[in-house]
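# Architecture and fold: a report
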Amino acid sequence: MVEEPSDRPERLDLRRLLVLVRQRLRGGRRRVRAAAFPVVTAAIAAGLSWAVAYYGLGHAQPFFAPVATWVCLGFTADREVRKVAELALGVALGVALGELVAHALGPGVLQIMLVIVLGALLARFVDRGPMLTIQAGVQGIVIVALPVAAVDGPTGRWTDALVGGSFALLVAILTPQDARKRARQLAGASLSDLSEMLETISRGLRDGDAERMRDALAQGRSTQGTLDDWASVVRNAQQTARISPTARRFLPELARLQRASTLADRAMRNARVIARRGQTAVEQGVRDDRVGDALHGLSVAASRLGEALRTGANTADTAQVLALVTAELDPHDVEDPGWQLQTLVILMRSLTIDLLQASGLSAAEANHLLS
């Protein structure tokens, strides 16, 4: 379903602003929960790398040890060993070349150009990973352009980078990752957002409340970032699983999550169109309990599907709920034969097919249920 452009600009009043703020806070809490453990482990590793370089190696300013650790680990749980090793090698390579150029030629314009060329081309020779090449260039620039003299000898900063990268690699090895975890979390969050939006539309249609319809549209417009993250994370997880012997067994579930991601995005776009059309209908005096109840059923189904995808459970329960809802989705059976309600029901049928396919049914099976 292609989302239709709005016929008129939406006014951002206080009520809509509060809806958007609640959505932003909800998304922010999710991001904090997802990043808490990775950030804490990265902070501990960075502190320990500095301590080893300062107390163990006797370096007075072991700046690059914690920098290398943080660059390699970052704030996400996606710490596939190969990627961390790639970043660690890039940092160490860049620092080493920077030290050589700075020691031999000193700082300057040509030296910066030279370290970028050498670092990037050598990194491309060593490995195909893009992050290795970027880090080799960046760290080389920092070394050559840094106005502070190397107080720990010509190899001090390079040694610090090795220490930091080693700690990052150790963390990546000792904290095994489930390639499905983040994709599952985002699946649950995305479908929870869809469920909440559909429930708001349901209440708006049953009560004849145009403000609730506007609230639903504001909710829907604020969810695209989570859907995009889901698609990106599951795509990266599939790439990791294909080359990781321990994660390869997750490929079938990741394929289901990838398919569900596409269909959930399509369902959300349909829901936005339903909210917009529903707003117009309600403003014209339309209200209907039966269609509102069907929307509530879709909301329940979306919530159950999200929970099933989040936990890796069977999605058959969702398909059963949707099968019950389909009985209410014949546009010819709408009590008021007005075109507004019939249009809403047709749009809801499209959304239902999306959710049925996301629960595991084929397109033919989903369409057969609605025939």
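Residues numbered from 1 in each chain as written. Predicted model: local features only at pLDDT ≥ 70, side-chain atom pairs only at ≥ 80, totals over all residues. Heavy atoms only, no water.

## Some points on the overall build of the protein
Each helix and strand counted, the protein has 14 helices and zero strands in total. What you see for the protein is a C-alpha radius of gyration of 27 Å, clearly larger than the 21 Å of a compact globule of 371 residues, by over 25%. Taken along the three principal axes of its C-alpha coordinates, the protein extends 85 × 45 × 35 Å. Within the protein, the fraction of its 371 residues that count as buried is 47%. Across the protein, contacts joining residues at least 24 apart in sequence account for 79% of those joining residues at least 6 apart. Positive and negative side-chain charges in the protein, numbering 42 and 37 respectively, have mean positions lying 5 Å apart. (Helix = DSSP H or I, 4+ residues; strand = E, 2+ residues; numbered from the N terminus. Rg over C-alpha atoms; globule rule 2.2 N^0.38 Å. Buried < 20%, exposed > 50% of the residue type's maximum accessible area, 1.4 Å probe, protein only. Contact = heavy atoms within 4.5 Å. Lys, Arg positive; Asp, Glu negative; His and termini not counted. Charge placed at Lys NZ, Arg CZ, Asp CG, Glu CD.)

## Digging into the packing of aromatic side chains
Enumeration according to the criterion identifies four aromatic pairs in this entry. Pairing Trp50 with Tyr54 gives two aromatic rings, centres 4.6 Å apart and planes at 10°, and the pair type is stacked. Of this pair, Trp50 and Tyr54 both sit in helix H1 (residues 14-56), four residues apart, which is roughly one turn of that helix. Here Trp50 and Tyr55 contribute two aromatic rings whose centre-to-centre distance is 6.1 Å and whose plane-to-plane angle is 85°, an arrangement assigned as edge-to-face. Residue class for Trp50 comes out partly exposed when judged on its relative accessible area of 33%. Under the relative-accessibility criterion, Tyr55 is labelled exposed at 63%. Ring pairs connect the aromatic residues Trp50, Tyr54 and Tyr55, which therefore count as one cluster. (Phe/Tyr/Trp six-rings, centres within 6.5 Å; stacked < 30°, edge-to-face > 60°.)

## Some words on the environment of Arg248
Mapping Arg248 onto the fold places it in the loop between helix H9 (224-243) and helix H10 (251-283). Residues Arg248 and Ala179, spaced 69 residues apart in sequence, show a C-alpha to C-alpha distance of 9.3 Å. Excluding residues that lie within four positions of it along the chain, Arg248 makes contacts with Ala241, Arg242 and Ile243.

## Structural notes on the pattern of salt bridges
Evaluated as defined, the whole model comprises 15 salt bridges. Residue Asp354 is joined to Arg266 by a salt bridge in which the shortest nitrogen-to-oxygen separation is 3.8 Å. Here Asp354 is found in helix H13 (residues 339-358), whereas its partner Arg266 is found in helix H10, with 88 residues between them in sequence. Under the relative-accessibility criterion, Asp354 is labelled buried at 3%. Here Arg310 and Glu307 are joined by a salt bridge, their closest N and O atoms 2.6 Å apart. Of this pair, Arg310 and Glu307 both sit in helix H11 (residues 289-311), three residues apart, which is roughly one turn of that helix. The partly exposed category is assigned to Glu307, whose relative accessible area is 40%. Among the charged side chains, a network of salt bridges with common partners joins Arg26, Arg30, Asp193 and Glu196. (Salt bridge = Lys/Arg side-chain N within 4 Å of Asp/Glu carboxyl O.)

## What about the packing of helix H2 (residues 64-73) against helix H3 (residues 81-105)?
Where H2 contacts H3, the two axes come as close as 9 Å, and the packing angle between them is 145°. Considering how the two elements wind past one another, H2 and H3 form a crossing that is right-handed. Across the interface between the two elements, Phe64, Ala68, Val71 and Cys72 from H2 touch Val84, Leu87, Ala88, Val91 and Val95 from H3. Class assignment of the residues belonging to the contact of H2 with H3 gives a composition of nine nonpolar, no polar and no charged. (Axes fitted to C-alpha atoms, helices over the stretch in contact; angles between N-to-C directions. Left-handed = near helix turned anticlockwise from the far one by under 90°. Nonpolar A, V, L, I, M, F, W, Y, C, P; charged D, E, K, R; others polar.)

## As for H9
With 20 residues, H9 ought to run about 28 Å at 1.5 Å a step, and its terminal C-alpha atoms sit 30 Å apart, in line with that. Buried within H9 are the following residues: Gln224, Thr226, Leu227, Trp230, Val234, Ala237, Gln238, Thr240 and Ala241. Check the buried side of H9 and you find it contacts H1, H3, helix H7 (181-207), helix H8 (210-221), H10 and H11. (Expected span 1.5 Å × (residues − 1).)

## A few points about the side chain of Asp288
By the element assignment, Asp288 lies in the loop between H10 and H11. An unpaired buried charge is present at Asp288: no salt bridge exists, and Arg290, the closest side chain of opposite charge, is 6.5 Å distant. A distance of 3.0 Å separates the side chain of Asp288 from the backbone nitrogen of Arg290, its partner in a polar contact. Not counting residues up to four positions away in its chain, the partners in contact with Asp288 are Leu205, Arg206 and Leu341. (Polar contact = N/O pair within 3.5 Å; in protein donor to acceptor, adjacent residues only side chain to side chain.)

## Here we look at the nonpolar core
With 61 residues, the main nonpolar core has Leu194, Ile201, Trp230 and Leu355 as its most contacted residues. Among the secondary structure elements, those contributing two or more residues to this core are H7, H8, H9, H10, H11, helix H12 (316-326), H13 and helix H14 (363-370). In terms of residue count, H10 provides more of this core than any other element does, 13 residues in total. If sequence neighbours within four positions are ignored, Leu355 has contacts with Leu191, Leu194, Ala267, Leu298, Ala302, Leu305 and Leu322. (Core = buried A, V, L, I, M, F, W, Y, C linked by side-chain atoms within 4.5 Å.)

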